[in-house]
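Summary of structural features
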Amino acid sequence: MLKKAALLVLLVMVLAPASARAEEKPFQLAVVNPLQLVPADESIKGVGLNLLYGSNENFSGIDIGLINHVKNRAVGLQWGAANVTEGDLSGVQLGFVNWTTGFMHGVQLGGLNFSQGDSRGIEWGIMNYSKDYFGGFQGGFFNYAGEMHGLQFGVVNATKNLDGLQIGLANYNGNKKPMEFMVLVNWSF
């Protein structure tokens, strides 16, 4: 009986920290990764304050700092000089550089906005670059979408395939319907 109790206590001691690691933590304070309260391989659901650079696996909530980095999925607000989400973003990125490698459903407001996966929403900045599908509004000096469904408004607008409207000084539509290049306005529906 004593052996079974000792084995149970030992089992609880081994498994409890593992289950606690899998839970999302409510608060992150980071100076520079790895000098942060919650390790980078854990997730946050709440508030993150990153003085220089903070990184977490997943993030839900408000992530504020100089450089905010999420390795997988971000839901909520990233607000900093640079916001990087290596997975999917559902929410808002506000910063000089905003980067998402998965899908982006939401808003990117900043100087340079990049989305590499399918994106839906608004990109507003000096340069907006959406590698694949973009549905919504891009506004800035230079706008590019692999496949644009919506409105591009800027000085230079470009896409491989347009289903929508381009308004700007130079508008390039790779599908050439009705025109490949137009000044001021280009469209294809």
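Structural data are supplied above this passage.
Here is a short report on the structure shown in this document. (Residues numbered from 1 in each chain as written. Predicted model: local features only at pLDDT ≥ 70, side-chain atom pairs only at ≥ 80, totals over all residues. Heavy atoms only, no water.)

With that settled, the discussion passes to the overall build of the chain. Assigned secondary structure in the chain consists of 1 helix and 9 strands. For the chain, the proportion of its 189 residues judged to be buried stands at 37%. The contacts in the chain between residues at least 6 apart in sequence include a share of 3% that link residues at least 24 apart. Element-wise, carbon and sulfur atoms account for 74% of the exposed surface of the chain, whose accessible area totals about 9,700 Å². (Helix = DSSP H or I, 4+ residues; strand = E, 2+ residues; numbered from the N terminus. Buried < 20%, exposed > 50% of the residue type's maximum accessible area, 1.4 Å probe, protein only. Contact = heavy atoms within 4.5 Å. Areas by Shrake-Rupley, 256 points an atom, 1.4 Å probe, with all protein chains shown as cover.)

Listed in full, the 11 residues of the largest apolar core are V38, I44, F59, V70, A74, L89, M104, F134, A145, M148 and L162. Contributing elements (two or more residues each) for this core: β4 (59-70) and β8 (119-173). If sequence neighbours within four positions are ignored, L89 has contacts with A74, T100, F103, M104 and H105. (Core = buried A, V, L, I, M, F, W, Y, C linked by side-chain atoms within 4.5 Å.)

Attention shifts here to the side chain of T100. Structurally, T100 can be placed in strand β6 (residues 89-100). With residues near it in sequence (within four places) discarded, T100 still touches T85, G87, L89, Q93, Q108, F114, S115 and Q116.

As enumerated under the stated definition, the model contains 4 aromatic pairs in all. Seen from their ring centres, F114 and Y129 are 6.5 Å apart, and the 55° between their planes marks the pair as tilted. Separated by 15 residues along the polypeptide, F114 in strand β7 (residues 104-115) and Y129 in strand β8 bring together distant segments of the chain. Classification of F114 as buried rests on a relative accessible area of 16%. Relative to F137, the ring of W124 lies with its centre 5.6 Å away and its plane at 15°, an arrangement referred to as stacked. W124 gets classed as partly exposed once you look at its relative accessible area, which sits at 45%. Put simply, the rings of W99, F114, Y129 and Y144 touch in pairs and so form one group of aromatic residues. (Phe/Tyr/Trp six-rings, centres within 6.5 Å; stacked < 30°, edge-to-face > 60°.)

Relative to the helices and strands, V38 is located in the loop between β2 (35-36) and β3 (44-56). Contacts of V38, omitting those with residues within four sequence positions, involve K25, F27, Q28, I44 and N56.

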